[in-house]
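Close look at the chain arrangement
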Amino acid sequence: MGRKGGHKRRFKNKNNQGQDGYKKFKGDDGYNEWYYDHPIFEAYYKLQLEEAYFKEKPEEFTLFWNMMKEKLPVVFRINKLTPNYQVFLDNLKDKDFIKKFIEEKRKQLEQQGKAPTEGQQQKEQEGEAIEEEEQEAEKEAEEQQNEDEGNGEGEEEEDDEDEADQKEGDDKKGENNTKTFEKFEFSQEEIDTLQINNIKFYPDELVWQINCNRTQLKKSQLLKEFHKYIQRANDSGLISRQELVSMLPPLLLDVKPDDIIFDMCAAPGSKTAQLLELMYTQGGINTKGAVVANDVDQKRAYLLTHQVCRINPSGLVVINHPAQFFPTLQDPTSNQAYDQKFYFDKVQADVPCSGDGATRKIPTQWRNWNTRDGQVLHPLQLAILQRALTLCKVGGYVLYSTCSINPIEDEAVITEAFRRASQGSIELIDIHTKFPELKGRRGLSKWTVCSSTKKHPGHDQEKKETVADWLKIYDNFESIEKNDKLAQFVRDSMFPEPEDKMTNEIKIQNTMRILPHDQDTGGFYLALIKKNSLINWSKKGLPKTAGSNNEEQSAQQQQEQPAQQQVVDDYIPDASEIPKEAESLQNVEGDAQDGKKNNKNKEPVQKENFVTIPEEDWQNIKENYGIEGIDQSLFVVNTIGKQKVVRLITEGAKKFNDCDVKGVVNKVNMGTKAFERSRETFQGIQCRFRICQDSVNLIAPYMSKRKIVVSEDDFKFFVQNKNAKYTEMPNQKLKEEIAQLGQGSIILHCPTYNDNLVCQNFHQSVNIMISKEITESFKIRYLKQLF
Ligand SMILES: C[S@@+](CC[C@H](N)C(=O)[O-])C[C@H]1O[C@@H](n2cnc3c(N)ncnc32)[C@H](O)[C@@H]1O
């Protein structure tokens, strides 16, 4: 059933009505239409990719380009740390699961006399769609206004799979370059074709893909309930919705339970969560490692805390720094032969990028794409990569990734890092052998540096411009004319060497490009670098920028910064190396869709710190819950505020904290909530702290008091009855056992599921102390509830 009726789309901002090249208009049939076309963008990638990938089959370029315009399918990963996750997994393994789910729901509604008639259904859908559309238009107008004010940042949404405002249609691809609105309903026949498929390259059957996109799931009345099911699982941390390609970097880092990993540009945290999942899957409660998740944007760092806390990780440390300037910490306990500096075992540099591989998620690329963004970001990306390599231990690995397909942000950055690093100190690992089921393209050994001459050529069919009119190509850095404004951000570091000398030497083909049409994903770039020895960074002057007098500039810089000319192993870039413009482009990338950023009103950073729990409080907790076997120093409190929460951290997190002797790192959060100062003051409560559900599975094995072992049935009873009166409890023996413990926090441990429930025991009742989200997860996993 297609969408009918030509309601008007409202545009509040005049700029929405016809920007050069990006017009929305009312089509002949009354549908609003939207251009998915940018001839310069297309010409640029023909130039960059055709010879390497499509020479034999030039028509494949069209497949690739058309796929860039399609919405992404829904993908999610099951969090293996969630006890009894297999119930959810078993559902997915049933090929007819979606069909059965919908039939079940329909039956339920019919029984309740609530099943909508077809007419009602359509009316409702259209009403909702109009409302949503109006909201989208407003959002867009606001975004436009921001751009006009020079913020350069659009509205962004919260999680990895939340897509930026997308208004594209369903089936016009290939015919012309406009799209109409989605179909909002599925016929029974179409529902029958819906499937959830396992993604083979990901271990343990944890990643699944639905063969429709998220808008379809959300907007189809019949599928809405199914979308809610997925949403409930996501909100509770049972699954994480994350784009498929974005799951590759953590997998490639080969995480070990004792690793201390630096995630340099981490918000909103989908890869951080995945790193922690991989770490705890191997190490269980004995996990000692940590993931230090950093983001330059404080608000986004807080958002990350919120997102990653869904999986309750004691090994999480959230910090807030510009990655390229991250300080070198001292490690007094270091057993490295070379020095006493603190080094990370592995570093993930998922750098800020133009995001032009993420057009399937960020359709505004079709309006905004230009060559300048990549050029502006290149120096920042290079500086972050160099810092990543410096901070990584000898024998450790750095994973560089972007969701851009622009060689200036990808191969050019890697090549320049190798040019600057001392020979043999780093090497590119061939990642193509790691996932035989994944189709990855080899990194480019040559590319073209060029600038677009205009933003967008417009959609005027009469214009007869050609690629040559749109792209100004630079053969080499030296040939750039002095006052060429288009080359303002072009640098010598962006050029490959003649005859691919350097790229062949460093084996750039070991890096990987993911193209969207190869396996229905976004575009992505990955490079895994091993650090073989300490690196002597040779900086032959700052990278030269074109469009100015380079020689003069270089000479002046050499005079001003003589130290930078020397060979240095602790490389920190000079701020002047990075164009100021890079800052405003920082959040354009695909993975990081979060709350709107407003640079203007940034609040001053309040430096947080974490210290070991005070002795008196520790003794109170230890005695009350009978805790043995975990060191006091792994329980920390923050130094600002009321210290209401005691957090559990890992040894790795503690080590990182201890190495920041001078307190130079801006910490946002650490570990997971273990105990909370209780508000209850009534009689009989011995302990001032109640247990938190967040870390109960990590602490329960070390608890000998106030822990009751329950059967599967009793466990389910409490999941079903959040506030259970003693008189309602079916198991008399259990009731007596609970009553004997007296009032206060207790846990119910179910050995069958190896799971625990935190409860508050009152005089005559037991209340389950878990959030709404976790309750939903328990209902899915233990009561097998679908809705
Ligand atoms: C590609 S996104 C990271 C996505 C993230 N790794 C994930 O998987 O959810 C890049 C992030 O880098 C941050 N960023 C930009 N410039 C930075 C800098 N100089 N230092 C640290 N983080 C930076 C942005 O705020 C953004 O959150």
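Before reading further, recall that the structure is shown in the block above.
A brief look at the structure comes next. This structure is a prediction, so every number in the text was calculated from the model and none was measured. (Residues numbered from 1 in each chain as written. Predicted model: local features only at pLDDT ≥ 70, side-chain atom pairs only at ≥ 80, totals over all residues. Heavy atoms only, no water.)

1. Some points on the site of the ligand
In the vicinity of the ligand lie 26 residues, with D295, R300, A323, Q324 and D350 positioned nearest. In the environment of the ligand, an oxygen atom lies 3.0 Å from a nitrogen or oxygen atom belonging to the side chain of S270. In this structure, D350 approaches the ligand through a side-chain N or O atom, which is 2.7 Å from a nitrogen atom. If you list the elements that add at least two residues to the shell around the ligand, you get α10 (270–283) and α13 (371–391). Of the residues that constitute the shell around the ligand, the class distribution is 13 nonpolar, 7 polar and 6 charged. (Near = heavy atom within 4 Å. Polar contact = N/O pair within 3.5 Å; in protein donor to acceptor, adjacent residues only side chain to side chain. Helix = DSSP H or I, 4+ residues; strand = E, 2+ residues; numbered from the N terminus. Nonpolar A, V, L, I, M, F, W, Y, C, P; charged D, E, K, R; others polar.)

2. As for the environment of I738
Its place among the elements puts I738 in helix α24 (residues 732–740). As a C-alpha pair, I738 and F762 span 24 residues in sequence and 9.7 Å in three-dimensional space. If near-sequence neighbours (up to four positions away) are discounted, I738 is found in contact with I708, F718, Y726, M729, I746, L748, N761 and V766. (Contact = heavy atoms within 4.5 Å.)

3. Brief notes about the pattern of salt bridges
If you walk through the whole model with that rule in mind, you get 36 salt bridges. A salt bridge links K105 to E225, with the shortest nitrogen-to-oxygen separation between them at 3.7 Å. Remark: E225 occurs in helix α8 (residues 221–235) and K105 occurs in helix α4 (residues 97–111); sequence separation between them is 120 residues. E225 shares its class with K105; the two are buried. Here E616 makes a salt bridge to R688, at a shortest N to O gap of 3.7 Å. Residue E616 is found in helix α20 (residues 615–625), and its partner R688 is found in the loop between β23 (672–677) and β24 (689–691); the two are separated by 72 residues along the sequence. (Salt bridge = Lys/Arg side-chain N within 4 Å of Asp/Glu carboxyl O. Buried < 20%, exposed > 50% of the residue type's maximum accessible area, 1.4 Å probe, protein only.)

4. Concerning the state of the cysteines
Applying the stated criterion across every chain yields a total of 0 disulfides. Free of any disulfide, C403 has its nearest cysteine sulfur in C353, 3.6 Å distant. (Disulfide = S-S within 2.5 Å.)

In short, shape yes, function no, at least from these values alone.
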